[in-house]
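Summary of structural features
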Amino acid sequence: KNQVEQSPQSLIILEGKNCTLQCNYTVSPFSNLRWYKQDTGRGPVSLTIMTFSENTKSNGRYTATLDADTKQSSLHITASQLSDSASYICVVSQENSGNTPLVFGKGTRLSVIA
Amino acid sequence: KAGVTQTPRYLIKTRGQQVTLSCSPISGHRSVSWYQQTPGQGLQFLFEYFSETQRNKGNFPGRFSGRQFSNSRSEMNVSTLELGDSALYLCASSLAGGQTQYFGPGTRLLVL
């Protein structure tokens, strides 16, 4: 069964600290993996998208890694800010899929406190 | 460039009623996807439309339907509403399927 598991479910960190969010998937065949940031009450916003051949991609203070062999991805946030408080969703796209082209994780809820 | 817009933003309905939600994609985007988001289940894929044709469909009952117009605007309809249909309904557009999707703010539906 195609699944995306994210950990931790929630996380609280102090402003200025770094953190890493995890995403494990069983989606096959794999096409690409995306990380989204969703602020409360808003739609998700794309942070990064990585294909099979890419193992790291950065977007400002956000760095995503991908290990296609172990089917794991991480999102590292550097020098966190209060505005980083949001849900971070990992999404895996299935290549040549039928009815469910994207498989979503349930997200990690990050709270950055002063 | 204007982003994805969804109307209405909030909606309250009672069981048994039906509802129609609207989504206007980013100009030039031809693919529109709909998702249901609930606290317990996360984001779940409903369906995707491309050039007025439903291209993909998730595992939702037939009460959930949609359509896309020639200007790429899309509507989603839910008939015979149930309490469990209370959720945030998100629309996302992309130039074509499989590319980066841009989400709208969502329509929050409450079924009483």
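Residues numbered from 1 in each chain as written. Chains lettered and ligands numbered in written order. Predicted model: local features only at pLDDT ≥ 70, side-chain atom pairs only at ≥ 80, totals over all residues. Heavy atoms only, no water.

**Digging into the interface of chain A and chain B**
Basically, it comes down to this: A contact between two residues is defined here by any heavy atoms of the two lying within 4.5 Å. Summed over both partners, buried area is the accessible surface (1.4 Å probe) that two parts give up on being assembled. Within this document, salt bridges are pairs made up of a side-chain nitrogen of Lys or Arg and a carboxyl oxygen of Asp or Glu, the two lying within 4 Å of each other. N or O atoms closer than or at 3.5 Å make up a polar contact, with two conditions inside protein: a donor-capable atom paired with an acceptor-capable one, and, for residues adjacent in sequence, both atoms drawn from side chains. The way it works is that DSSP assigns letters per residue, a run of H or I at least four long becomes a helix, a run of E at least two long becomes a strand, and they are numbered from the N terminus.
Between chain A and chain B, the contact holds 19 residues from the first and 19 residues from the second. Taking both partners together, chain A and chain B bury about 1,400 Å²; carbon and sulfur atoms supply 52% of that area. The tally of links from chain A across to chain B stands at 0 salt bridges. Taken together, the links from chain A to chain B amount to 1 residue pair in polar contact (both at pLDDT 80 or more). At the level of secondary structure, the elements contributing two or more residues to the side of chain A that touches chain B comprise β4 (30-38), β5 (45-51) and β10 (102-104) of chain A.

**Observations concerning the pairing of strand β6 (residues 56-59) of chain A**
All names here are of chain A. Basically, it comes down to this: Any two strands with at least two DSSP-identified bridges between them are counted as paired.
Both β6 and strand β7 (residues 62-67) contribute to a ladder of 4 bridges, which runs antiparallel. Across the sheet, K57 pairs through a bridge with A64, a residue of β7. From the end of β6 to the start of β7, which pair antiparallel, there are 2 residues, and G60 there has a positive phi angle of about 65 degrees.

**Section: the side chain of Q38 of chain A**
Relative to the assigned elements, Q38 of chain A resides in strand β4. At a separation of 2.8 Å, a polar atom in the side chain of Q38 of chain A contacts the side chain of Q37 of chain B. Not counting the four nearest positions on each side in its chain, Q38 of chain A is found in contact with G43, P44, A86, S87, I89 and R109 of chain A together with Q37, L88 and L90 of chain B.

**A word on the state of the cysteines**
The cut-off we apply is this: Two cysteine sulfurs form what is called a disulfide whenever their separation falls within 2.5 Å. Using a 1.4 Å probe on the protein chains alone, a residue whose accessible area is under 20% of its type maximum counts as buried, one over 50% counts as exposed, and one in between counts as partly exposed.
For the coordinates displayed, the defined rule picks out 2 disulfides over all chains. A sulfur-sulfur distance of 2.0 Å marks the disulfide that ties C23 of chain A to C90 of chain A. Across the S-S bond linking C23 of chain A and C90 of chain A, the dihedral sits near -65 degrees, which makes this disulfide left-handed. Of this pair, C23 of chain A sits in strand β3 (residues 19-25) while C90 of chain A is found in strand β9 (residues 86-94), placing the two residues 67 residues apart along the sequence. Each member of the pair, C23 of chain A together with C90 of chain A, is buried. Two residues, C23 of chain B and C91 of chain B, share a disulfide whose sulfurs are 1.7 Å apart. Its S-S torsion of approximately -50 degrees makes the covalent link between C23 of chain B and C91 of chain B left-handed. Note that C23 of chain B is positioned in strand β3 (residues 19-24) and C91 of chain B in strand β9 (residues 87-94), a separation of 68 residues in sequence. The exposure class of C23 of chain B is buried, given its relative accessible area of 0%. What makes C91 of chain B buried here is its relative accessible area of 0%. Among the cysteines around C19 of chain A, which has no disulfide bond, C90 of chain A carries the closest sulfur, lying 15 Å off. You can call C19 of chain A buried: its relative accessible area is 6%.

**Concerning a nonpolar patch on the surface**
All names here are of chain A. How we decide: Residues with no salt bridge and a relative accessible area higher than 30% make up the patches, which join like charges within 9 Å and nonpolar side chains (Val, Leu, Ile, Met, Phe, Trp, Tyr) within 5 Å. Here, Shrake-Rupley sampling with a 1.4 Å probe gives the accessible areas, and only protein chains in the shown set may cover a residue.
Side chains of I12, L14 and I113 sit close together on the surface and give an oily, nonpolar patch of about 290 Å² of accessible area. Looking at the secondary structure, you find L14 in strand β2 (residues 10-14). Taking the relative accessible area as the measure of exposure, L14 reaches 44% and is therefore partly exposed.

**Considering the packing of aromatic side chains**
The cut-off we apply is this: Classification of ring pairs uses Phe, Tyr and Trp, with its six-membered ring standing for Trp, and accepts pairs whose centres are within 6.5 Å; under 30 degrees between planes counts as stacked, over 60 as edge-to-face, and the remaining range as tilted. Counted as over-ring charges are cases with an Arg CZ or a Lys NZ within 6 Å of the ring centre that also lie within 35 degrees of the ring normal.
Summed over the entire model, instances satisfying the criterion amount to 8 aromatic pairs over all chains. Taking the ring centre of Y62 of chain A as reference, the NZ or CZ of R61 of chain A above it sits at 5.7 Å. Here the basic side chain of R55 of chain B rests over the ring of F50 of chain B, its NZ or CZ set 4.3 Å away from the ring centre.

**Topic: the nonpolar core**
Spelled out, the test is: Here, nonpolar core means buried Ala, Val, Leu, Ile, Met, Phe, Trp, Tyr and Cys residues that are tied together by side-chain atoms lying within 4.5 Å of each other.
Of all hydrophobic cores here, the largest spans 25 residues; its most connected members are V4, Y25, L33, W35, L75 and Y88 of chain A. When residues of this core are traced back to their parent elements, those giving at least two are β3, β4, β5, β7, β8 (72-77), β9 and β11 (108-113) of chain A. For Y88 of chain A, the contacting residues outside a window of four places in its chain are Q6, L21, W35, Y36, K37, L47, Y62, L75, I77, G107, T108 and L110 of chain A. By size, the runner-up hydrophobic cluster in this structure holds 21 residues, among which are L11, V19, F64 and L81 of chain B.

**Looking at unusual backbone geometry**
For the peptide bond that leads from S7 of chain A to P8 of chain A, omega is -10 degrees, which places it in the cis range. As for its placement among the helices and strands, P8 of chain A is situated in the loop between β1 (4-7) and β2. The step from S28 of chain A to P29 of chain A runs through a cis peptide bond, and the omega angle for that step is -5 degrees. A positive phi is found at E52 of chain B, a non-glycine position, where the angle reads about 70 degrees. Tracing the backbone shows E52 of chain B in the loop between β5 (42-50) and β6 (53-57). Of note in this structure, T80 of chain B is not a glycine but carries a positive phi near 45 degrees. The topology assignment puts T80 of chain B in the loop between β8 (74-78) and β9.

Note that all results are geometric; they support no functional claim without further evidence.
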